[in-house]
Amino acid sequence: MAVLTETMVRALIAAGLAAPSAENHHYVQFAWNGVDTLTLQESPAAYPPSRVFNAHILSLIGAGAMVENIIMRASQDGFEVEVDETLGSLWRISLHFQAVAGLLADPFASAITARHTNRKWFRSPGLSATQKNDVEAQLAACSASGRVLWLDQPDQRKQALSLVWRAESERFKSAELHQELFSAVRFDVGWEATATEGLPPGSLEVEKPMRAGFQMMSHWPVARALSLFGAHRMMGLRAGYLPVRGAPNLAVIATTGELAPACFEGGRLLERLWLQATAYGFSVQPLAASCLLAMPGWRGVTPACASALQRGWERLIGSQHMPIALVRIGTADPVSLRTGRQQVSSMAVSGLAYKNPCQSLHRGLGGDVAKRLPLCCAAAARAGSCRQQAQA
Ligand SMILES: Cc1cc2nc3c(=O)[nH]c(=O)nc-3n(C[C@H](O)[C@H](O)[C@H](O)COP(=O)(O)O)c2cc1C
């Protein structure tokens, strides 16, 4: 039996962390058995209590994207991966690696580090008909239940635009959704710097004259008052409708079956699509709200909005598939700022030696440090270092 080396495991975890997540935060703990198995386990300690369900669903999609990256990265070292998933109230995914002589590296693995979200305006060209067929074939080869559906015909685009506008506006109108949206934005780092967790404002591509207004909208009393005058519709127009209208391609990842496996599978397919589009040289932005707010049990959305979105999606893609993530794809200028990632060397990974976890946790968390002290203390206790810092 071929075993993974520590260097390989670090590279695999780095590939996993490079995957997209809704708020640039993977709620995950890694454990390596020292031989051939890497386990990813949901780590919900930092979920705000009111958002546990939504955060769990988002982390399932993120877990799918992480697993896809890890499988692709493993192929570059000649390893095949068997995925053993338990998607209960907390998900746990064990990846068993097996060396396979002559295994070819996944053709899109090299796009893992280049992939990122681009929130600039998109223009033509988009994917050619052949490229779209190739994407469909790639996704069909890895999933029996999920698929990509293109929404590029004028009538489809019109229907999708109305769903996007409705959902993106709701994020600025509902107190819970507003809190969910803005709690992820790291205004503390300013507009020029990146952040290893959360969304650095500079990555949101808000035009300079609109930044003060956007930041003001992050205060719920302001957003609530302005929504009486329709400000939420204007925000939805700028955040969703206009970027989607100008994009040459619009695609939705859709899956079937129970919610948890559908989200995990959707995350895997979203990442495959994204990597393939990146490898072709295109820019990608997910706009997930129209899909998420239509999911059964999503918190913070009014019943009227949820059922309008559900009906709209059913008209657009039928009732057999559940929409997981909508993405726009096209040609765009380079982003102003990319989001950062936590370094593997600073993480407490069971089975791996690590460096000074407290330092990295304290640096990256801003006001959230207190919530994560148990993890920090546990890591520090095992390392026998930084105990005072963790307890401070
Ligand atoms: C499930 C999911 C939903 C997302 N929804 C949105 C969205 O609605 N709007 C957006 O601009 N980005 C969205 N993103 C992109 C993330 O914000 C982004 O992946 C994360 O901040 C990391 O940045 P990166 O993709 O540049 O590495 C989503 C990503 C995922 C996985």
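Here goes a summary of the coordinates provided. (Residues numbered from 1 in each chain as written. Predicted model: local features only at pLDDT ≥ 70, side-chain atom pairs only at ≥ 80, totals over all residues. Heavy atoms only, no water.)

### Remarks on the overall build of the protein chain
Check the secondary structure of the protein chain and you find 14 helices and eight strands. Counting across all 392 residues of the protein chain, residues that qualify as buried make up 54%. A total accessible area of about 17,100 Å² is found for the protein chain, and carbon and sulfur atoms account for 55% of it. (Helix = DSSP H or I, 4+ residues; strand = E, 2+ residues; numbered from the N terminus. Buried < 20%, exposed > 50% of the residue type's maximum accessible area, 1.4 Å probe, protein only. Areas by Shrake-Rupley, 256 points an atom, 1.4 Å probe, with all protein chains shown as cover.)

### Quick word on the site of the ligand
Close to the ligand lie 18 residues, the nearest being R115, T117, R119, Q285 and R341. R115 is positioned with one of its side-chain polar atoms (N or O) 2.8 Å from an oxygen atom of the ligand. At a separation of 2.8 Å, an oxygen atom of the ligand approaches a polar side-chain atom of Q285. Out of a free accessible area of 620 Å², the ligand has 94% covered by protein chains. (Near = heavy atom within 4 Å. Polar contact = N/O pair within 3.5 Å; in protein donor to acceptor, adjacent residues only side chain to side chain.)

### Comments concerning empty space enclosed by the protein
Left-over empty space is what a probe sized like a water molecule reveals as it rolls over the atoms. Summed over all chains, the structure comprises one cavity of 30 Å³ or more. The space that makes up the largest cavity amounts to roughly 100 Å³. For the largest cavity, the lining is made up of 14 residues, of which A22, H25, Y27, L58 and S59 are closest to its centre. It is helix α2 (residues 52-76) that contributes the most residues to the lining of the largest cavity, six residues altogether. In the lining of the largest cavity, the residues fall into seven nonpolar, five polar and two charged. (1 Å grid on protein atoms, 1.4 Å probe; cavity = no way out; pocket = protein on both sides within 12 Å on 5 of 7 lines; lining within 4 Å. Points joined across faces, edges and corners; volume = space filled by probe spheres on them. Nonpolar A, V, L, I, M, F, W, Y, C, P; charged D, E, K, R; others polar.)

### So, a nonpolar patch on the surface
A surface patch of nonpolar side chains, about 490 Å² in accessible area, is lined by M216, L226, L228 and F229. Assignment of secondary structure puts F229 in the loop between α7 (220-227) and α8 (231-245). For F229, a relative accessible area of 74% translates into the label exposed. (Patch = residues over 30% accessible without salt bridge, like charges linked within 9 Å, V, L, I, M, F, W, Y side chains within 5 Å. Salt bridge = Lys/Arg side-chain N within 4 Å of Asp/Glu carboxyl O.)

### Focus: helix α9 (residues 259-279)
With 21 residues, α9 extends 30 Å between its outermost C-alpha atoms, agreeing within 8% with the 30 Å of an ideal straight helix rising 1.5 Å per residue. Among the 21 residues that make up α9, 19 are buried, leaving the element largely enclosed by the rest of the structure. Following α9 by one or two positions, G281 adopts a phi angle in the positive range, close to 95°. (Expected span 1.5 Å × (residues − 1).)

### Points about the sheet that holds strand β5 (residues 147-150)
By way of backbone hydrogen bonds, the strands of a sheet pair with one another, either parallel or antiparallel. If you walk across this open sheet you meet the four strands as β5-β6-β8-β7, and the pairing is antiparallel. Every other strand in the sheet has two partners, leaving β5 and β7 (283-286) as the edge strands with one partner each. With strand direction ignored, the average angle separating the axes of adjacent strands in the sheet is 30°. Pairing analysis gives four bridges linking β7 to strand β8 (residues 322-330), with the strands arranged antiparallel. Across the sheet, the residue bridging to Q285 is R328, located in β8. (Pairing = 2+ DSSP bridges. Axes fitted to C-alpha atoms, helices over the stretch in contact; angles between N-to-C directions.)

### Some thoughts on the nonpolar core
Formed by 85 residues in total, the largest nonpolar core has its most connected members in F30, L38, L40, F97 and W313. A per-element tally of this core places α2 first, with eleven residues. Ignoring sequence-local partners within four residues, the contact set of W313 consists of L151, L163, V252, S290, C291, A294, G318, P323 and L326. Counting 15 residues, the second-largest nonpolar core is a separate cluster that includes W191, V206, F214 and A231. (Core = buried A, V, L, I, M, F, W, Y, C linked by side-chain atoms within 4.5 Å. Contact = heavy atoms within 4.5 Å.)

### Overview of a positive patch on the surface
A contiguous patch of positive charge, built from R166, K173, R233, R311 and R315, is present on the exposed surface. Of all the elements in the fold, those that place two or more residues in the positive patch are α4 (154-173) and α11 (303-317). (Lys, Arg positive; Asp, Glu negative; His and termini not counted. Charge placed at Lys NZ, Arg CZ, Asp CG, Glu CD.)

### Observations regarding the side chain of R157
Within the fold, R157 resides in helix α4. Within the structure, R157 has its side chain in polar contact with the side chain of D152 (distance 3.0 Å). If sequence neighbours within four positions are ignored, R157 has contacts with L151, D152, V244, R245, A247, P248, N249 and L250.

### A closer look at the pattern of salt bridges
Charged atoms that come close allow side chains of opposite charge to pair. Scanning all chains against the criterion turns up 15 salt bridges. R272 is the salt-bridge partner of D106, the closest N and O atoms lying 2.9 Å from each other. A residue pair is termed long-range when its members are at least 10 positions apart, and D106 in the loop between β4 (91-99) and α3 (129-142) and R272 in helix α9 qualify at 166 residues. Residue classification places D106 among the buried residues on the basis of a relative accessible area of 18%. Note that R238 and E207 form a salt bridge whose closest N and O atoms lie 3.1 Å from each other. Of this pair, R238 sits in helix α8 while E207 sits in the loop between α5 (175-183) and α6 (211-216), placing them 31 residues apart in sequence. Taken together, the shared-partner salt bridges in this structure form one network comprising E68, D106, R268 and R272.

### As for the packing of α4 against α5
At their nearest, the axes of α4 and α5 sit 5 Å apart, and the two run at 95° to each other. The orientation of α4 relative to α5 falls into the category roughly perpendicular. Contacts between α4 and α5 involve E170, R171, F172 and K173 on the former and, on the latter, A175, L177, H178, L181 and F182. In terms of residue class, the contact of α4 with α5 is built from five nonpolar, one polar and three charged. (Parallel < 35°, antiparallel > 145°, perpendicular 65-115°, else oblique.)

### Considerations on the packing of α3 against α9
Contact geometry of α3 with α9 gives a least axis separation of 10 Å together with a crossing angle of 145°. Every pair of crossing elements has a handedness; the one defined by α3 and α9 is right-handed. Across from D134, V135, Q138, L139 and C142 in α3, the residues of α9 making contact are E265, L269, R272, L273 and Q276. Among the residues making up the contact of α3 with α9, the classes are represented as five nonpolar, two polar and three charged. (Left-handed = near helix turned anticlockwise from the far one by under 90°.)

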